[in-house]
Amino acid sequence: MLVVGFPTGALQANCYLLAAGEGAACVIVDPGQDAVEPVTEALRKHRLSPVAVLLTHGHFDHAFSVTPVCDGNDVPAWIHPDDRAMLSDPLKGVSRETAAFFGGRLEMREPSDVRELTDGVTLDLAGLRLLVDHTPGHTGGSVMFRAGTEEGGRLVLSGDTLFAGSIGRTDLPGGDHSAMLESLRDKVLTLPDDTVVLPGHGGTTTIGRERAGNPFLLGLDDRPAAPRQGM
């Protein structure tokens, strides 16, 4: 699997391109602020053809460029329905301070083709199988995308649910700390330790590393977890 990642915008949200290999179809995950140019360059450099844009959640730092990227390449955007409203009203998901910084105005519009994600569904896109995990907490519609490779490797695009050494904040509109703890227990800590984590901000990590050292995860393993769909 080819994974290309780079930070975008003032908040340095990570954008990723996933493909079976060079010269293949690809999916684009979380094209945030100022993402159009680096996405276009990555597509050219690796000879990739986009088939869809996937959003881990609706915050503008992850979704700001979704419409130009989608409509410019005639591909759909996938987002959980609980976060869809933020595609046309990004101020729904930000703090008062952030809204004030933008003068109370932050304009976005939905792409021409928007499709809604469902917990547990498998997306067959660009020759990849991506399993959707609904992980509310950072936002009501936060999701993670899990993928496996033929060689047995596993990765998860965790959005702002899990970072290296931390988790996403839950004090913004739509955030829910109790829901976040449940998502971490039921959807994160049930993953194998060798799963590579591609987070929404910062560097990569593994589930095993976070299980051992992430202070927000300590003790959650002791609580009973719901059964998991495999991948």
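Preceding this section is the structure that the text describes.
Residues numbered from 1 in each chain as written. Predicted model: local features only at pLDDT ≥ 70, side-chain atom pairs only at ≥ 80, totals over all residues. Heavy atoms only, no water.

Quick look at the sheet that holds strand E7 (residues 122-125)
Working step 1: On the basis of which strands lie adjacent, the open sheet formed by 6 strands has the order E7-E8-E9-E10-E13-E14 and mixed pairing. Edge strands, defined here as strands with exactly one partner in the open sheet, are E7 and strand E14 (205-206).
Working step 2: Sheet topology note: the strand E9 (residues 143-148)/strand E10 (residues 154-159) ladder contains 4 bridges and is antiparallel. Its bridge partner being in E10, Phe145 is matched across the sheet by Leu157. (Pairing = 2+ DSSP bridges. Helix = DSSP H or I, 4+ residues; strand = E, 2+ residues; numbered from the N terminus.)

Quick notes on the state of the cysteines
Working step 1: One pass over the full model with this rule turns up 0 disulfides.
Working step 2: This cysteine, Cys26, is not joined by any disulfide, and Cys15 carries the nearest cysteine sulfur, 9.6 Å off.
Working step 3: Take Cys70: it sits in no disulfide, and the sulfur closest to it among the cysteines is that of Cys15, at 11 Å.
Working step 4: On the basis of relative accessible area, Cys70 is assigned to the buried category, the value being 0%. (Disulfide = S-S within 2.5 Å. Buried < 20%, exposed > 50% of the residue type's maximum accessible area, 1.4 Å probe, protein only.)

Some words on the layout of surface pockets
Working step 1: Taken as a whole, the largest pocket spans an internal volume of roughly 280 Å³.
Working step 2: Leu11, His59, Asp61, Arg169 and Leu172 are the residues nearest the centre of the largest pocket, which is lined by 16 residues in total.
Working step 3: Here the residues of the lining of the largest pocket sort into 6 nonpolar, 7 polar and 3 charged. (1 Å grid on protein atoms, 1.4 Å probe; cavity = no way out; pocket = protein on both sides within 12 Å on 5 of 7 lines; lining within 4 Å. Points joined across faces, edges and corners; volume = space filled by probe spheres on them. Nonpolar A, V, L, I, M, F, W, Y, C, P; charged D, E, K, R; others polar.)

Comments concerning the pattern of salt bridges
Working step 1: Taken as a whole and judged by the stated rule, the model has 12 salt bridges.
Working step 2: As a salt-bridge pair, Asp124 and Arg129 come within 3.5 Å of each other at their nearest N and O atoms.
Working step 3: A salt bridge links Asp193 to Arg211; the shortest N-O distance between them is 2.7 Å. With a gap of 18 residues between them, Asp193 in the loop between helix H5 (177-188) and strand E13 (196-199) and Arg211 in helix H6 (residues 207-213) connect regions that are remote in the sequence.
Working step 4: Residue Asp193 is classed as partly exposed on the basis of its relative accessible area of 42%.
Working step 5: Of the residues examined, Arg211 reaches a relative accessible area of 21% and is grouped as partly exposed.
Working step 6: Residues joined by salt bridges that share partners form a network here, namely Arg84, Glu110 and Glu116. (Salt bridge = Lys/Arg side-chain N within 4 Å of Asp/Glu carboxyl O.)

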